[in-house]
Amino acid sequence: MSFETSFHIRRVDHVGVAVADLDKALERYEGFFGGECVHREENEEQGVIEAMVSWPDGDTQLQVLAPLRDDSPIGKFLDKRGPGLQQMALTVDDIDAVCAGLTEQGVELLYERPRHGTADSRINFVHPRDAEGVLLELVEPAKR
């Protein structure tokens, strides 16, 4: 099956990993695996403290997410599944166009409108049942 799309997905942006302790996880990803934390922030709206980890030879980053509170999406994820892979994110040029195009095709999005994400990006999520069991995050990076 093939669909005509009026939007552009550019690349895999990052892979998100849920953890209970952000600092402990960063010690591993930086120490054991040679990554570098290039961004860290608290996102109160999403209920997380997060860090982006990069490696010299790649564009895709690892997003390490820890809950700020137990009732946040990451807190609930950890309670239900434990630490591990939580989502994969795709970079898009125009999140409004992507969301409209996906909705038009019957794809379920988690939010009616994009929300604030890491580093002032705009984000939305494709429900896992419409992405072969994977929570897909759509990311429109902040305009520089």
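This is a predicted model, so every value here is computed, not measured.

Draft legend 1. Spatial organisation of the nonpolar core. Counting residues in hydrophobic clusters, the biggest one holds 13 residues, and the most contacted among them are V98, L102, L109, V126 and L138. Those elements that place two or more of their residues in this core are β5 (84-92), α3 (95-104) and β8 (136-140). It is α3 that contributes the most residues to this core, four residues altogether. The residues contacting L138, other than those within four sequence positions of it, are L90, V92, I95, V98, C99, L102, L109, R122, I123, N124 and V126. Ranked by size, the runner-up nonpolar core spans eleven residues in total, among them V17, L22, V53 and L62.

Draft legend 2. Just the pairing of β5, in detail. In terms of strand pairing, strand β1 (residues 9-18) meets β5 through eight bridges, oriented antiparallel. Within β5, the position partnered with G16 by the bridge is Q87. One ladder, built from four bridges, connects β5 with β8; its direction is parallel. Across the sheet, the residue bridging to T91 is V139, located in β8.

Draft legend 3. Representation of the pattern of salt bridges within the structure. According to the stated counting rule, one finds ten salt bridges in the structure shown. Ionic pairing is found between R11 and D13, a salt bridge with its closest N-O pair at 3.6 Å. Using a relative accessible area of 32% as the deciding quantity, one classes R11 as partly exposed. Take D13: its relative accessible area is 10%, and that puts it in the buried class. In this structure, D23 engages R40 in a salt bridge whose closest nitrogen and oxygen atoms are separated by 2.9 Å.

Procedures and definitions
- Within every chain, residues take consecutive numbers counted from 1 along the sequence as written.
- Residue-level local features of this predicted model are given only where pLDDT is at least 70; pairs of side-chain atoms are given and counted only at 80 or more, and the full residue set underlies all totals for whole chains, interfaces and linings.
- Each side-chain value is worked out from all heavy atoms of the structure, with water and hydrogens disregarded.
- The definition of a nonpolar core used throughout is a set of buried Ala, Val, Leu, Ile, Met, Phe, Trp, Tyr and Cys residues joined through side-chain atoms within 4.5 Å.
- Exposure categories follow from relative accessible area, calculated using a 1.4 Å probe and restricted to protein chains: below 20% of the type maximum is buried, above 50% is exposed, and the middle band is partly exposed.
- Labels follow the DSSP assignment, with helices taken as runs of H or I lasting at least four residues and strands as runs of E lasting at least two, numbered in each case from the N terminus.
- A contact between two residues is defined here by any heavy atoms of the two lying within 4.5 Å.
- When DSSP locates at least two bridges between a pair of strands, those strands are taken to pair.
- Salt bridges are defined as contacts in which a side-chain nitrogen from Lys or Arg sits within 4 Å of a carboxyl oxygen from Asp or Glu.

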